[in-house]
Amino acid sequence: MKTSIAIERRYYLSFTTHYKNHSDRRPIRYWCLLAIAGLLTNAALAQPDINWSLVDEYCTECHNLNDFAGNTAFDLMPRDFLAGDADTWELVIRKVRTGMMPPAGKPRPPRTELDTFTHGLGTALDAEYSLDPDPGSEGLARLNRQEYQNAIRDLLQFDAVHIIEAIPAESAGEGFDNNIDLLSVSPTLIDAYASVAMRISREAVGDLSLIPSEAAFDASTGTTEGLPLGTRDGLAVTHNFPLDARYQFDIGVAGGGFFGGNAFCNENYAVVVSIDGELLELEDSQSFQLPISAGAHTIAVALQDVERCIGVDDYFDNYNILGSINSIRINGPFDISGAGDTPSRRAIFSCYPRTETEASACAREILTRLATRAWRRPVASDSDEVNELLAFYGKGEALDGFEMGIQYAIARLLMDPRFLYQVEDEPANMAPGSIYAINDFELASRLSFFLWSSIPDAELLEVAGTGRLHESDVLESQVRRMLRDDKAQALVRNFAGQWLMLRELVNAEPDDRAFNAQLRDAFKQETELLFLDIMRQDRGILDLLDSDYTWLNSQLAAHYGISGVRGEYMRRVPLPADSPRRGLLGHGSILTATSVANRTSPVVRGAWIVEDLMGAPVPTPPPGVETDLTKESAEPGVEVNTLRDRLELHRANPTCASCHQIMDPIGLALENFDLVGRWRTQENGFDLDTQTNLIDGTAIDGPVSLRNALLERGDAVASSFIEKMLSYALGRHLHAHDMAAVRQIAGKSAENNYRFSDIVLGIVESDPFRLKIAEAPATDVAGR
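Quick caveat: nothing in here was measured; it's all calculated off a predicted structure.

S.K.: Which residues make up unusual backbone geometry, and what values go with them?
M.R.: Cis geometry is adopted by the peptide bond preceding Pro102, which originates at Met101 and carries an omega value of -5°. Along the chain, Pro102 falls in the loop between helix 4 (86–97) and helix 5 (111–131). Here the amide bond leading from Gly332 into Pro333 is cis, since omega sits at 10°, within 30 degrees of zero. Assignment of secondary structure puts Pro333 in strand 9 (residues 324–338). Here the phi dihedral of Asp276 falls at roughly 55°; this positive angle occurs in a residue that is not glycine. Within the fold, Asp276 resides in the loop between strand 5 (269–275) and strand 6 (278–279).

Shown next, in the form of structure tokens:
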């Protein structure tokens, strides 16, 4: 009787789990048959050796049908059919591997036994996943705003940053803004794409009938790099000027003086302007017109001191000496003199007709070439797609000649779903639920959007055209070439920029006089340059935690208390083994992004390390729990002098302690770094106490010992990195089945200390990256 009940339960779990996950693809009768077949196959499957006595001895005391801690009952979960509870078992692996389970205060077996258990459990899950392969389905992914901008850049050699602001930016989901769940389409978005496509085509071609428009830049769209020597508090931007014409420039200067007012101590500054590195002599350097040739030019504006204010007392805490440049507005074109010789015109006009009879053939050549690049697959010159583009060309040509025709056709090309979406065609006659490999052109597209956040280049499309891109040696060669290309910096800006919260720095406004635009940029550059080094030098990704050098300029070095660094440019500076600045934990970017406006946040810092570095979930606060530490009240006679004191009051509530005992010790170990990452030994005049214990009992007393503790669990850090990069590469969140690929990549790359290229190659060769499941036609509940 027990046996039949167990079989019935396993059948039910198999059926409900798979149907829930795949009901949009496969009919119910498919899963019924698979469940029965799975039972027969599982019976013959040799499950890896797992020490289940660990679960019985250390876990079921809380995780049982009666207590149901964490909504989990191990006594009800069959151990010969793990895939039926895959999400739960994957969570077990995460929590045990990172030391979160067993919880603090409970008996804990030796670390070696726990590691052996998680390894065996993962191997057993992977064996069961292999019985029912599921590479996942990305669906129809739309290009996000950054990918759209990069695609325009590479297709037309045109920087459209000032135009695409009309397209709403995506918020990050599962950590990244290319997640397909975020990339929905609305009528408003379609209108925005149409408007943007028309304007891009006009400016890229060089439409002489363009009317003036304004492009505005601030700290979020500019940089402090490349400012004239001897200046400060400036802003540099690169702008694409569509035509040879005159343009109006208006410079915004933020207030300085007392409390952010507009007193500038007797006009003791000058606004300095340069274009492409050449200083300009201007009567009014805050509002002026200049003739500018068409194409991209870099405008840098900064302040140069003539004299410094004296006698300012520290009483004025918000004093900002002499303000800063906070915006550059460019308006034009005026007095147009010609289309100019721009990179975009050279990219578009691969031929130019000398007579009207040559115009149609030249237009066909141009549009065939652009469509092939834009749609990431071969397009025949006599195809219906090209003929449709030529129809739009004809309408424009009839209005105002050849260039207007090309402009119309390009606008139509950029509004085509084959450009806006990563279209992948299912092979004909595929049975629903069948697994198949994507073709080489689709592989090229996935590869380029993963590594470059853009469309494939000519070489990648050419290799795809040979039908050999999927071959391991050919694929590896292309991956290594693409990682060497400057466009691979998209991984730094888009993957690392979101994973390491660098994008959030633009909105950071800590209440600290030392923080300004230059320091913000230096923070960001330090972390970006370290990640770029790891990628370019093909080092192990754990060096992100323990790099023996960092990147500094004079301002950032002074902020960190490191001597011997002069000049505004970032340079590589060695760090000793005991330096708290080694690796990400000592970077001002991370420390500022994980603080709140007026203080540090051990909770936020600890939660980020647990979730984003170690890959374990952090529970959300229960409803009704007070999370504002300033509202914590102490018992009479209990002194509350530091943030740690307040956290200890908060943890006195058992409801709060269960979560905070995970995060707080990690964050408290970083309390020597203030809210902008400056080193300190006191808070509010009281000595800081950073000695604490991680949830697994490991003693730590600061950033160095915390770093060493994380390196001791380097396998968890590496697995978390691989998970996040795989999610980014696929443009979706991961499912339980995907963890088989993560473990396979981690196991193979561990042989070379998790070398960067090994991880990237592992991802592009993985089943989720290269395989898909054939979609089933829509069915009713009965499977008809």
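Moving on, there is more to tell.
S.K.: A description of the environment of Ile275 should follow, citing residues and the corresponding values.
M.R.: As for its placement among the helices and strands, Ile275 is situated in strand 5. Taking the C-alpha atoms as reference, Ile275 lies 8.9 Å from Val301; in sequence the two are 26 residues apart.

S.K.: Can you break down the state of the cysteines residue by residue, with the values?
M.R.: Evaluated as defined, the whole model comprises one disulfide. Disulfide pairing places Cys351 opposite Cys362 at an S-S distance of 2.0 Å. Every disulfide takes its handedness from the sign of the S-S torsion; for Cys351 and Cys362 that torsion is 110°, giving right-handed. Here Cys351 is found in the loop between helix 8 (343–348) and helix 9 (356–375), whereas its partner Cys362 is found in helix 9, with eleven residues between them in sequence. Per residue, the accessibility class of Cys351 equals that of Cys362, and both read buried. Distance from the sulfur of Cys59, which forms no disulfide, to the nearest cysteine sulfur (Cys62) is 8.9 Å.

S.K.: Account for the sheet that holds strand 9, with residues named and values stated.
M.R.: Strand order in the open sheet formed by four strands is 2-9-4-7, with antiparallel pairing between adjacent strands. Looking at strand neighbours, the two that pair on one side only are strand 2 (213–217) and strand 7 (287–292), the edges of this open sheet. Recorded for the sheet is a direction-independent mean angle of 25° between the axes of neighbouring strands. Note that strand 4 (residues 244–254) and strand 7 share six bridges and pair antiparallel. For Arg246, the partnering residue across the bridge sits in strand 7 and is Pro291.

S.K.: Quick one: what's the story with helix 6 (residues 145–156), residue by residue and with numbers?
M.R.: Here helix 6 is twelve residues long and its end C-alpha atoms lie 16 Å apart, about the 16 Å a rise of 1.5 Å per residue gives. Residues Glu147, Tyr148, Gln149, Asn150, Ala151, Ile152, Asp154, Leu155 and Leu156 constitute the buried set of helix 6. Among the residues of helix 6, the N-terminal cap falls to Asn144, whose side-chain oxygen and the backbone nitrogen of Gln146 are separated by 3.2 Å. Directly beyond the C-terminal end of helix 6, a positive phi value near 55° is found at Gln157.

S.K.: Could you give an account of the pairing of strand 5, naming the residues involved and the relevant values?
M.R.: Side-chain positions along a regular strand alternate between the two faces of the sheet. Buried residues dominate strand 5, accounting for six of its seven residues. Here strand 5 pairs with strand 8 (residues 295–305) via seven bridges, running antiparallel. By the bridge assignment, Tyr269 is partnered in strand 8 with Asp305. The pairing of strand 5 with strand 6 spans two bridges and is antiparallel. Bridge pairing in strand 6 places Ile275 opposite Glu278.

S.K.: Before we move on, can you summarise helix 17 (residues 517–536) with the specific residues and values?
M.R.: Given a rise of 1.5 Å per residue, 20 residues ought to cover 28 Å, and the 28 Å separating the end C-alpha atoms of helix 17 matches this to within 8%. With 16 of 20 residues buried, helix 17 lies mostly within the body of the structure. Between a side-chain oxygen at the N-terminus of helix 17 and the backbone nitrogen of Gln518 the separation is 3.2 Å; the capping residue is Asn516. Once helix 17 finishes, Asp538 follows within two positions and takes phi at roughly 55°, a positive value.

What counts, and at which threshold
Residues numbered from 1 in each chain as written. Predicted model: local features only at pLDDT ≥ 70, side-chain atom pairs only at ≥ 80, totals over all residues. Heavy atoms only, no water. Helix = DSSP H or I, 4+ residues; strand = E, 2+ residues; numbered from the N terminus. Disulfide = S-S within 2.5 Å. Buried < 20%, exposed > 50% of the residue type's maximum accessible area, 1.4 Å probe, protein only. Pairing = 2+ DSSP bridges. Axes fitted to C-alpha atoms, helices over the stretch in contact; angles between N-to-C directions. Expected span 1.5 Å × (residues − 1). Polar contact = N/O pair within 3.5 Å; in protein donor to acceptor, adjacent residues only side chain to side chain.

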